[in-house]
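Results of the structural survey
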Amino acid sequence: MAIMFAPFNAIFEESPPREYKRKLIKSVGSIEDATMASEIFGIPMPEVVFCEMNRTGVSLELHQVPVKFRVRFLCDEIFSNKSPMFFALPVKNSRQTKFRVDKNSSLFFNHSCIGDTTNVELDTCDCSYFRKNKRVLNLNSNRRGDCFGCTFCIHNYTLYDNRVLKDDRKIIDKDSLKNFLEKEIMPKNGFPDLGCLEQIAIVTGLFGQEDLAVKHIVNVRKVAEALGFRGTIFYLGCELLSKKSFEILKDYQPISLCYSIDCFDHREEFMVHKKGKITLINIAQALGYALNRGFEATFSYIVGLDSLESMAKNVEFFSRYVNRFPIVNIYQTQHSQQRKNMTPEATHLEYFLKARKLFEQAFAGRGLYPRNWENYRSLWYHKFNSVDLLE
């Protein structure tokens, strides 16, 4: 049966009418500019600001982190009374971005103070880290730092050194997992067991073989469960493709599959060979296998690599194969070579604002929303369409 898609231009028909042909919004340089963009696209002004910051990065007056590396911090922003937000941003020089953290740790957008930051530090690639107030544990158990080949990924370039990759261990087999969870995670965080965790996320490098990925997921479930864990195992990757894998894993539920699509076009050109050969139909089939066996299923995607037309068509298609909102990341560039992968449209802020609207249309009425705590470079911060997002 042929798949029909809504006309691409229909996505933006609800934008407020203008009596004049407006200019393309290439960027915003002030609160006033962001307010104008907000009115045109019906997106809250603070979200326009944060989108621009994620896109362009931040400069640091105290140079706590070198230019081209990534800084992370908590920001108590002025636009809401919600808990501080977590950001991880490319560090740029002051000529490249309108955002800066000053000597007093205040965050400025041009001349406007928009928040206060804490814990300003280098964003490292560790073997584990927490999210959601230590209720979610992410495991980089197969060393993401060893994963090379995708040309849009910062790990494809020899930029990072042992300051970033200082805790880059492999924690694959049952013994190493048990030792890590029982002798490091639990005592260091005052956990009597792992019953306090809602989710353990396997977010790591390629295993090289599908059966090795399956084996690792099973190992994590068995070891963590013996230590009191009763939550969800979340796997972000591209190596679960066959019915056989999902048949094995259905006995270790709850499991949430997040397929790392990353981009729809130029897959063989941009991706490591093994990943680039996987077709979009292969991915849709894998998501279908997961849904049919009671898994939570979604995908991750990088906004900045595909044209808006391709994005609109494919997001609408894949929205039918998920029961959890996708992880949608703004493409951040730290190395000059990464910019060669960007679609020309993505050099402008307007592209990202339109991308946000097309995702909102594709998922309207589904009851699926972005999770702020799982994404540090999101298109959404406080609202999705008109719905307030939970922290």
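Residues numbered from 1 in each chain as written. Predicted model: local features only at pLDDT ≥ 70, side-chain atom pairs only at ≥ 80, totals over all residues. Heavy atoms only, no water.

Overview of the overall build of the protein chain
A tally of helices and strands in the protein chain yields ten helices and 15 strands. The globule rule puts the C-alpha radius of gyration for 391 residues at 21 Å, and the 21 Å found for the protein chain is close to it. Projected onto the principal axes, the alpha-carbon positions of the protein chain cover approximately 65 × 60 × 40 Å. For the protein chain, the proportion of its 391 residues judged to be buried stands at 54%. For the protein chain, restricting intrachain contacts to residue pairs at least 6 apart in sequence, the fraction spanning at least 24 positions comes to 74%. The positive charge centre, built from 53 side chains, and the negative charge centre, built from 46, are 3 Å apart in the protein chain. (Helix = DSSP H or I, 4+ residues; strand = E, 2+ residues; numbered from the N terminus. Rg over C-alpha atoms; globule rule 2.2 N^0.38 Å. Buried < 20%, exposed > 50% of the residue type's maximum accessible area, 1.4 Å probe, protein only. Contact = heavy atoms within 4.5 Å. Lys, Arg positive; Asp, Glu negative; His and termini not counted. Charge placed at Lys NZ, Arg CZ, Asp CG, Glu CD.)

Let's talk about helix α3 (residues 174-189)
Note that an α-helix has 3.6 residues per turn; residues three or four places apart therefore point the same way. For α3, spanning 16 residues, the distance from its first C-alpha to its last is 21 Å, which sits close to the expected 22 Å at 1.5 Å a residue. At L181, α3 shows its largest bend, some 30°. Three or more residues of α3 are buried, namely L177, F180, L181, E184, I185 and M186. Buried-residue contacts for α3 involve β7 (128-131), β8 (136-139) and α4 (210-226). Here α3 starts with a cap whose side-chain oxygen sits 3.1 Å from the backbone nitrogen of D175, and that cap is D173. Positioned one or two residues after α3, G190 has a phi angle of 70°, which is positive. (Expected span 1.5 Å × (residues − 1). Bend = angle between axes of the 7 residues up to and from the residue. Polar contact = N/O pair within 3.5 Å; in protein donor to acceptor, adjacent residues only side chain to side chain.)

Topic: the pattern of salt bridges
Side chains that differ in sign of charge can pair as their charged atoms come close. Per the counting criterion, the structure on display carries 23 salt bridges. Of the charged contacts in the structure, one is a salt bridge between R70 and D123, with a shortest N-O distance of 3.0 Å. Within this pair, whereas R70 is found in strand β2 (residues 70-77), its partner D123 is found in the loop between β6 (112-122) and β7, the two being separated by 53 residues in sequence. R70 sits in the buried class, given a relative accessible area of 13%. For D123, a relative accessible area of 10% corresponds to the buried category. With a shortest N-O distance of 2.8 Å, E374 and R324 are connected by a salt bridge. Within this pair, whereas E374 is found in the loop between α10 (349-362) and β14 (383-384), its partner R324 is found in the loop between α9 (308-318) and β13 (327-330), the two being separated by 50 residues in sequence. (Salt bridge = Lys/Arg side-chain N within 4 Å of Asp/Glu carboxyl O.)

Notes on the packing of aromatic side chains
Per the stated rule, a full pass over the model turns up 23 aromatic pairs. Centroid distance F325 to F384: 5.2 Å. Interplanar angle 80°. Geometry classified as edge-to-face. Here F384 lies in strand β14 and F325 lies in the loop between α9 and β13, a separation of 59 residues in the sequence. The pair formed by F325 and F384 is uniform in burial state, with each residue classed as buried. Cation over ring: R100 sits above F108, and NZ or CZ is 4.4 Å from the ring centre. (Phe/Tyr/Trp six-rings, centres within 6.5 Å; stacked < 30°, edge-to-face > 60°. Lys NZ or Arg CZ within 6 Å of the ring centre and 35° of its normal.)

Points about the packing of α3 against α4
Across the interface, α3 lies against α4 with an axial gap of 10 Å and an inter-helix angle of 45°. As judged from the angle between their axes, α3 and α4 are oblique. As α3 packs across α4, the resulting crossing turns out to be right-handed. Taken together, the residues of α4 that come into contact with α3 (itself represented by K174, L177, K178 and L181) are H216, N219, V220, K222, V223 and A224. (Axes fitted to C-alpha atoms, helices over the stretch in contact; angles between N-to-C directions. Parallel < 35°, antiparallel > 145°, perpendicular 65-115°, else oblique. Left-handed = near helix turned anticlockwise from the far one by under 90°.)

A closer look at the sheet that holds β2
The mixed open sheet is built from six strands, whose spatial order is β1-β4-β5-β6-β2-β3. The open sheet has two free edges, formed respectively by β1 (59-60) and β3 (85-90), since each of these has just one partner strand. Relative to strand β5 (residues 106-109), strand β4 (residues 99-101) runs antiparallel, the two sharing three bridges. By the bridge assignment, F99 is partnered in β5 with F109. Sheet strands in contact with helix α2 (residues 45-56) are β2, β3, β4, β5 and β6, and its direction is about 35° off that of β3. (Pairing = 2+ DSSP bridges.)

Topic: the sheet that holds β7
Across the sheet, seven strands lie side by side as β7-β8-β9-β10-β11-β12-β13; this open sheet has mixed pairing. If you trace the sheet from one side to the other, it starts and ends with β7 and β13, each paired once. Between one strand axis and the next, the sheet turns by 20° as a mean value, whatever way the strands run. With four bridges connecting them, β8 and strand β9 (residues 199-203) associate as parallel partners. Bridge pairing in β9 links V136 to Q199. Strands β8, β9, β10 (232-237) and β11 (255-262) of the sheet are contacted by α4, whose axis makes an angle of about 155° with β10. Lying over the sheet, helix α8 (residues 280-292) contacts β11 and β12 (296-303), oriented at roughly 170° with respect to β11.

Observations concerning the state of the cysteines
Counted under the stated rule, the structure contains zero disulfides. Considering cysteine sulfurs only, C113 is the nearest to C75, which forms no disulfide, with 8.5 Å between them. Its relative accessible area of 0% is what places C75 among the buried residues. (Disulfide = S-S within 2.5 Å.)

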